[in-house]
Amino acid sequence: MPYLGAVADDFTGATDLATMLVARGFRTVVAVGSGGLVDSQADAVVVALKSRTAPVADAVRDSVAALEALRATGCERFYFKYCSTFDSTPEGNIGPVAEALLDALGETRTVVVPAFPATGRTVYRGRLFVHDDLLDESPMRDHPLTPMRDSHLGRLLSPQTRRRVHFIGHDTVRAGASHIRTALNAQEADGALTVVDATTDADLRAIAAATADLRLVTSAAGLALGLEREPGREPRLGP
């Protein structure tokens, strides 16, 4: 029975995440659409949707359906995977989907972690960088479907959600997992989408350790660097 269930907003992102999970020792299955789910002995199941640029209502509907299908297979923790360039429109789909997944799970808080240093995506002081450039100064500025004209993740997220956008800065992240966890448990993080700075793989591992008790995390594939299998379950690497 799988432990981790992931909802990815496109197929490429799903395979990126699956690759990261396999490297961490998770036996992982990718399903195209929630209708493709079957009983599985995998440790993790990643559902690949086509929701990145879909209308908001469709993206929310399909993502929640995928979540419910993953729950039916026995998954206990969940991962909403989006692109490390956070490409979206002022209406969504990242904020609305994250919010809908939290609501469906009855949870009050999660993290927003688009950083993936291995591909040049980092977050510092709440701003997303693509290599040495701010997001809005990178080629993503003129993306034909999702032009990104702001690098500040709070300004990108706020129009997309009724929830508050909270921040955990780099100093807290560098202080380690216990400090991050304390910040996440603070009253101001309750009911919020919390953007967390990360500039290195070590930062991502610390964030993953700090969020081990959250039922839902939202991130690019990078956060999988620090994910652990279900306690007591041995790795089952496939061929």
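Residues numbered from 1 in each chain as written. Predicted model: local features only at pLDDT ≥ 70, side-chain atom pairs only at ≥ 80, totals over all residues. Heavy atoms only, no water.

### As for the overall build of the chain
Counting its regular elements, the chain contains seven helices and eleven strands. For 239 residues, the compact-globule estimate of 2.2 N^0.38 gives 18 Å, and the chain sits close to it at 16 Å. Considering only C-alpha atoms, the chain reaches an extent of 45 × 40 × 35 Å along its principal axes. Expressed as a percentage of the 239 residues in the chain, the buried residues total 56%. Of all intrachain contacts in the chain linking residues separated by at least 6 positions in sequence, the fraction that spans at least 24 positions is 72%. If you sum the accessible surface of the chain, you get close to 10,200 Å²; carbon and sulfur atoms cover 52% of it. For the chain, the distance from the average position of its 25 positive side-chain charges to the average position of its 30 negative side-chain charges is 2 Å. (Helix = DSSP H or I, 4+ residues; strand = E, 2+ residues; numbered from the N terminus. Rg over C-alpha atoms; globule rule 2.2 N^0.38 Å. Buried < 20%, exposed > 50% of the residue type's maximum accessible area, 1.4 Å probe, protein only. Contact = heavy atoms within 4.5 Å. Areas by Shrake-Rupley, 256 points an atom, 1.4 Å probe, with all protein chains shown as cover. Lys, Arg positive; Asp, Glu negative; His and termini not counted. Charge placed at Lys NZ, Arg CZ, Asp CG, Glu CD.)

### Here's the deal with the nonpolar core
Counting residues in each nonpolar core, the largest one holds 72 residues, and the members touching the most others are L21, Y79 and F86. Filtering out sequence-adjacent residues up to four positions away, F86 remains in contact with I94, V112, P114, L128, M148, L153, L156 and L157. (Core = buried A, V, L, I, M, F, W, Y, C linked by side-chain atoms within 4.5 Å.)

### Describing the sheet that holds strand β6 (residues 121-124)
With antiparallel pairing, three strands are arranged side by side in an open sheet as β6-β7-β8. If you trace the sheet from one side to the other, it starts and ends with β6 and β8 (133-134), each paired once. With two bridges joining them, strand β7 (residues 127-130) and β8 adopt antiparallel strand pairing. The residue bridging F129 from the neighbouring strand is L134, located in β8. (Pairing = 2+ DSSP bridges.)

### Let's talk about the environment of R27
Mapped onto the secondary structure, R27 falls in the loop between α1 (11-23) and β2 (28-32). When its relative accessible area of 41% is taken as the criterion, R27 is described as partly exposed. Distance in space between the C-alpha atoms of R27 and L157 is 33 Å, their sequence separation being 130 residues.

### Focus: the pairing of strand β3 (residues 44-48)
The element β3 is extensively covered by neighbouring structure, given that five of its five residues are classed as buried. Residues A44, V46 and A48 line one face of β3 and the alternating positions V45 and V47 line the opposite face, and both faces are buried. Note: strand β1 (residues 4-8) against β3, five bridges, orientation parallel. Bridged to G5 within β3 is V45. Pairing of β2 with β3, which is carried by five bridges, proceeds in the parallel orientation. Along β3, the bridge assignment pairs V30 with V46.

### Side note on the environment of K81
Checked against the element boundaries, K81 lands in strand β4 (residues 77-81). With 137 residues separating them along the chain, K81 and T218 place their C-alpha atoms 6.0 Å apart. Once residues lying within four places of it in the same chain are set aside, the contact partners of K81 are V7, A8, D9, G13, L17, S219, A220 and A221.

### What about the pattern of salt bridges?
Opposite charge on two side chains permits them to pair, given that their charged atoms come into close proximity. Following the criterion strictly, the structure yields 14 salt bridges and no others. As a salt-bridge pair, R215 and E107 come within 3.8 Å of each other at their nearest N and O atoms. In this pair, R215 is assigned in the loop between α7 (201-210) and β11 (216-219) and E107 in the loop between α3 (94-105) and β5 (110-113), connecting sequence segments 108 residues apart. Note on E107: relative accessible area 26%, which makes it partly exposed. Within the structure, one salt-bridge network assembled from shared partners comprises E99, D103, R162 and R163. (Salt bridge = Lys/Arg side-chain N within 4 Å of Asp/Glu carboxyl O.)

### Digging into α3
If you check α3, its first and last C-alpha atoms are 17 Å apart, about what twelve residues at 1.5 Å a residue would give, namely 16 Å. Next to the buried residues of α3 lie α2 (56-72), β4, β5, α4 (153-157), β10 (192-196) and β11. Positive backbone phi, approximately 70°, marks G106, located one or two places after α3. (Expected span 1.5 Å × (residues − 1).)

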